[in-house]
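Coordinate analysis (summary)
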Amino acid sequence: MKKKVIIIGSGIAGLALSIRLKSKGYNVDVFEKNENVGGKLSDFYLDNFRHDFGPKLFTMPNLIEDIFEDAGVNIDKYFKYDKLDIACKYFWDDGHIFNAYSDSQKFIHEVHTKFNKEENMVEEYIFNSKKKFNLVKKIFLENSLHKISTYLSLDSVKAILNFLKLNIFISLNSLNKRYFKDEKLIQLFNRFATYNGSSPYLTSGIMSIIQHLEHDLGVFMPRKGISDISYSLYNLAIDLGVKFHFNSEIDSIIIKNKSAVGVSINKMNHKADIIISNMDINLTYDRLLKGYKKPFFIKNYQPSSSAVVFYWNMNKSFSNINVHNIIFSRDQKKEFDYIFNKKSIYEDPTVYICSTSKIVKEDAPTGCENWFILINSPFDSGQDWKKIKKTLRNNIIKKISSTLKVDIESNIVGEKILTPIEIEIETLSKFGSLYGSSSNSLQSAFIRHPNFSKKINNLYFCGGSVHPGGGIPLCLNSAKIVSDLIN
Ligand SMILES: Cc1cc2nc3c(=O)[nH]c(=O)nc-3n(C[C@H](O)[C@H](O)[C@H](O)COP(=O)(O)OP(=O)(O)OC[C@H]3O[C@@H](n4cnc5c(N)ncnc54)[C@H](O)[C@@H]3O)c2cc1C
């Protein structure tokens with residue numbers, strides 16, 4: 001008889017895993033507390049503007065293609081995407097503007113034009129970023145770090161022999177200062193620490209591999225908006241026969257004789273041979289595994305940063321911004337000091353603006369734009385978010401208006417604001433952190449929770465709060481790792 005699998009949560013990792021296991025012949029049921037799939041990678045409408053709830057940046061589409069290919073299904077019927085020419089447009093308050101191209105040669109040429117004399121170092125940086133990525137991907141990103149077999153492969157031996165070249169034991173900021181003289185370039189390359197919710201002054205230089213993803217492999221956008229990644233995987237899962245149960249929040253995982261044997265919801269038990277939690281790992285222990293000790297490193301972890309997000313319906317289109325835009329803070333050091341030490345938001349934060357309607361025309365009425373403004377923030381530790389968001393709103397309206405040289409306030413005709421509190425409630429992510437634990441230590445890659453339980457048989461974990469980490473690509477990798485662990 002086919003084995004039965006229950007997946008708790010339909011975030012991007014849960015969805016990908018449901019397809020992988022169904023394709024391997026398992027009976028798969030997914031229980032989701034919300035009324036729709038996707039978790040952080042979902043969307044909503046504010047009047048007639050469509051807004052993506054969370055992620056905006058999409059790299060490594062090959063990981064989505066692999067899921068379709070492994071399921072033996074042609075992706076074209078479900079999911080289409082395009083490469084963006086400009087990955088991100090950067091603004092500084094002295095008027096300096098820099099277009100970061102997806103293509104590495106165009107990117108390097110733009111550095112030559114805008115940051116005289118630094119292009120050779122950028123070229124070397126991107127080249128080394130690719131080398132590091134290829135060394136670490138098999139051992140850190142595509143396999144369980146907690147199985148001996150991972151360390152016995154040729155790829156692992158290569159990675160171990162080149163360990164010092166991976167820049168693990170130097171901070172991202174120190175690494176960037178070794179390469180560049182121009183403060184603006186350092187600021188730009190430092191910003192990638194936020195991709196795993198960390199500070200460039202604390203996270204490891206290994207984070208420099210993101211350069212290869214963004215300015216070598218490139219940045220992409222699904223034709224129907226980024227949440228279409230979730231919806232297309234959901235459609236494939238349904239077609240393959242995965243069963244979804246919405247508005248179904250699991251209360252506990254049932255354990256018998258040290259094995260997971262089912263889940264419980266509203267006092268009803270559902271039996272299964274294998275249980276997988278796509279829920280935040282901390283909350284999985286707190287709520288679903290009561291009485292089971294959290295591993296030491298989970299108990300004492302530092303959550304990743306969170307965000308305050310402004311979803312704005314704009315009644316005008318803005319020709320001077322691109323799809324992805326960053327307006328930098330005047331003082332990056334202070335900004336991160338506020339987030340990680342003062343646990344607040346600096347008065348002049350870096351502002352990220354995304355307008356998907358620039359290319360997904362249906363996302364906003366003609367002549368209008370859907371703006372997503374993200375400000376990195378500390379995780380929730382009891383701050384007065386009402387006060388913070390009011391001050392922040394005033395500060396960023398001033399900052400954006402002065403950069404774009406137009407008073408934007410009167411153009412905002414619809415608004416929703418998200419603080420870490422709502423992120424925690426809507427996606428059940430402890431303290432509202434975006435990426436589970438932070439990577440604010442040089443060894444953090446090694447101390448994420450494994451993808452399986454060492455104490456309870458048949459219990460596995462996928463998603464942004466476990467190995468290999470947060471963000472769409474790593475969540476998809478976690479699904480692949482769990483699928484490979486289950487025979
Ligand atoms: C504002 C924001 C911006 C981001 N920007 C980016 C970006 O640009 N690029 C990028 O790659 N990443 C980004 N991220 C991070 C990325 O969204 C996440 O790492 C990723 O989507 C997490 O996926 P996941 O599989 O861990 O599941 P999640 O999205 O965390 O979903 C978990 C699901 O499980 C459900 N669930 C939880 N507990 C239960 C339970 N007990 N019973 C049933 N269901 C349950 C939840 O309702 C949810 O649907 C961003 C995140 C946010 C919030």
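Residues numbered from 1 in each chain as written. Predicted model: local features only at pLDDT ≥ 70, side-chain atom pairs only at ≥ 80, totals over all residues. Heavy atoms only, no water.

1. Considerations on the overall build of the protein chain
- Broken down by element type, the protein chain carries 15 helices and 19 strands.
- In summary, the protein chain has a C-alpha radius of gyration of 22 Å against a globular reference of 23 Å for 487 residues, a match within 12%.
- The dimensions of the protein chain, computed from C-alpha atoms along their principal axes, are 65 × 55 × 45 Å.
- Every one of the 487 residues in the protein chain was classed for burial, and the buried ones make up 60%. (Helix = DSSP H or I, 4+ residues; strand = E, 2+ residues; numbered from the N terminus. Rg over C-alpha atoms; globule rule 2.2 N^0.38 Å. Buried < 20%, exposed > 50% of the residue type's maximum accessible area, 1.4 Å probe, protein only.)

2. Quick word on the site of the ligand
- Neighbouring the ligand are 35 residues, the closest being Glu32, Lys40, Gly464, Gly471 and Ile472.
- Take alanine 13: an N or O atom from its main chain is 3.0 Å from an oxygen atom of the ligand.
- If the ligand stood free it would expose 1000 Å²; the protein chains cover 95% of that surface.
- Looking at the shell around the ligand, the elements that each hand over two or more residues are helix 1 (12-23) and helix 15 (472-485).
- When residues of the shell around the ligand are assigned to their parent elements, the largest contribution, three residues, is made by helix 15.
- For the shell around the ligand, a count of residues per class yields 16 nonpolar, 14 polar and five charged.
- Counting contributing residues, the shell around the ligand receives three or more from each of domain 1 (4-42 + 60-72 + 224-301 + 447-485) and domain 3 (302-427). (Near = heavy atom within 4 Å. Polar contact = N/O pair within 3.5 Å; in protein donor to acceptor, adjacent residues only side chain to side chain. Areas by Shrake-Rupley, 256 points an atom, 1.4 Å probe, with all protein chains shown as cover. Nonpolar A, V, L, I, M, F, W, Y, C, P; charged D, E, K, R; others polar. Domains from an automatic or database assignment.)

3. Section: the packing of helix 4 (residues 119-141) against helix 6 (residues 172-179)
- At a minimum axis distance of 10 Å, the contact between helix 4 and helix 6 shows a crossing angle of 135 degrees. One way to sum up the angle between helix 4 and helix 6 is to call them oblique. Taken together, the residues of helix 6 that come into contact with helix 4 (itself represented by Met121, Glu124, Tyr125, Asn128 and Lys132) are Leu172, Leu175, Asn176 and Tyr179.
- Here the contact of helix 4 with helix 6 is composed, by residue class, of five nonpolar, two polar and two charged. (Axes fitted to C-alpha atoms, helices over the stretch in contact; angles between N-to-C directions. Parallel < 35°, antiparallel > 145°, perpendicular 65-115°, else oblique. Contact = heavy atoms within 4.5 Å.)

4. With respect to the packing of aromatic side chains
- Throughout the structure, instances matching the rule amount to 32 aromatic pairs.
- Summarising the aromatic geometry, the rings of phenylalanine 98 and phenylalanine 107 are spaced 5.7 Å apart at their centres and angled 80 degrees between planes, so their arrangement reads as edge-to-face.
- Aromatic pair phenylalanine 318 and tryptophan 371: ring centres 4.7 Å apart, planes at 50 degrees, arrangement tilted. With a gap of 53 residues between them, phenylalanine 318 in the loop between strand 14 (306-314) and strand 15 (324-327) and tryptophan 371 in strand 17 (residues 369-377) connect regions that are remote in the sequence.
- The buried category is assigned to phenylalanine 318, whose relative accessible area is 2%.
- Since its relative accessible area comes to 0%, tryptophan 371 is described here as buried.
- Three or more aromatic residues joined by ring pairs make a cluster, and in this case those are Tyr90, Trp92, Phe98, Phe107, Phe115, Tyr125, Tyr179, Phe180, Phe189 and Phe328.
- Taking the ring centre of tyrosine 201 as reference, the NZ or CZ of lysine 333 above it sits at 5.1 Å. (Phe/Tyr/Trp six-rings, centres within 6.5 Å; stacked < 30°, edge-to-face > 60°. Lys NZ or Arg CZ within 6 Å of the ring centre and 35° of its normal.)

5. Section: empty space enclosed by the protein
- Under the counting rule described, the total for this entry stands at two cavities of 30 Å³ or more.
- Its volume calculated, the second largest cavity comes out at about 40 Å³.
- Lining the second largest cavity, in full, are His51, Asp52, Lys56, Cys354, Thr356, Asn370, Trp371 and Phe372.
- Elements represented by at least two residues in the lining of the second largest cavity include exactly strand 4 (49-52) and strand 17.
- Looking at which element gives the most residues to the lining of the second largest cavity, the answer is strand 17, with three residues.
- Residues of the lining of the second largest cavity, tallied by class, amount to three nonpolar, three polar and two charged. (1 Å grid on protein atoms, 1.4 Å probe; cavity = no way out; pocket = protein on both sides within 12 Å on 5 of 7 lines; lining within 4 Å. Points joined across faces, edges and corners; volume = space filled by probe spheres on them.)

6. Things to note about the packing of helix 6 against helix 7 (residues 183-190)
- Where helix 6 meets helix 7, the closest approach of the two axes is 9 Å, and the angle between their N-to-C directions is 145 degrees. In this structure, the crossing between helix 6 and helix 7 has a hand that is right-handed. Judged by residue contacts, Leu172, Asn173, Asn176 and Lys177 of helix 6 engage Ile186, Phe189 and Asn190 from helix 7.
- Taken together, the residues of the contact of helix 6 with helix 7 sort by class into three nonpolar, three polar and one charged. (Left-handed = near helix turned anticlockwise from the far one by under 90°.)

7. Concerning the domain arrangement of the protein chain
- Its domain assignment divides the protein chain into domain 1 (4-42 + 60-72 + 224-301 + 447-485), domain 2 (85-218) and domain 3 (302-427).
- Taken over C-alpha atoms, the centre of domain 1 sits 30 Å from the centre of domain 2.
- At the junction of the two partners, domain 1 supplies 13 residues and domain 2 supplies ten residues.
- In total, domain 1 and domain 2 occlude about 970 Å² of area from one another, counting both sides; carbon and sulfur atoms represent 66% of this. (Buried area = accessible area lost by both parts, 1.4 Å probe.)

8. Concerning the side chain of arginine 448
- Mapped onto the elements, arginine 448 comes out in the loop between helix 14 (420-427) and strand 19 (459-461).
- There is no salt bridge for the buried arginine 448, and the closest opposite charge comes from aspartate 280, which lies 8.7 Å off by N-O distance.
- There is a polar contact of 3.1 Å between the side chain of arginine 448 and the backbone oxygen of tyrosine 435.
- Reaching out from arginine 448, the side chain makes a polar contact with the backbone oxygen of glycine 464 at a distance of 3.2 Å.
- In this structure, arginine 448 is in contact with His146, Phe297, Tyr435, Ser437, Ser439, Gly464, Ser465, Val466, His467, Pro468, Gly469 and Gly470, ignoring residues within four places of it in sequence. (Lys, Arg positive; Asp, Glu negative; His and termini not counted. Salt bridge = Lys/Arg side-chain N within 4 Å of Asp/Glu carboxyl O.)

9. Considerations on the pairing of strand 10 (residues 252-256)
- Across five bridges, strand 10 lies against strand 11 (residues 259-265) in antiparallel orientation. Residue pairing across strands places serine 252 opposite serine 264, the latter belonging to strand 11.
- Counted between consecutive antiparallel strands, the loop separating strand 10 from strand 11 contains two residues, among which asparagine 257 sits at a positive phi close to 45 degrees. (Pairing = 2+ DSSP bridges.)

10. Focus on the environment of histidine 270
- Position of histidine 270 among the secondary structure elements: in strand 12 (residues 268-271).
- According to the relative accessible area criterion, histidine 270 is partly exposed, its value standing at 22%.
- The spacing of histidine 270 and leucine 46 is 224 residues in sequence and 37 Å in space, taken between C-alpha atoms.

11. Points about a negative patch on the surface
- A cluster of acidic residues, Glu65, Asp66, Glu69 and Asp76, forms a negative patch at the surface.
- Of note, glutamate 65 is situated in helix 2 (residues 62-71).
- Residue classification places glutamate 65 among the partly exposed residues on the basis of a relative accessible area of 31%. (Patch = residues over 30% accessible without salt bridge, like charges linked within 9 Å, V, L, I, M, F, W, Y side chains within 5 Å. Charge placed at Lys NZ, Arg CZ, Asp CG, Glu CD.)

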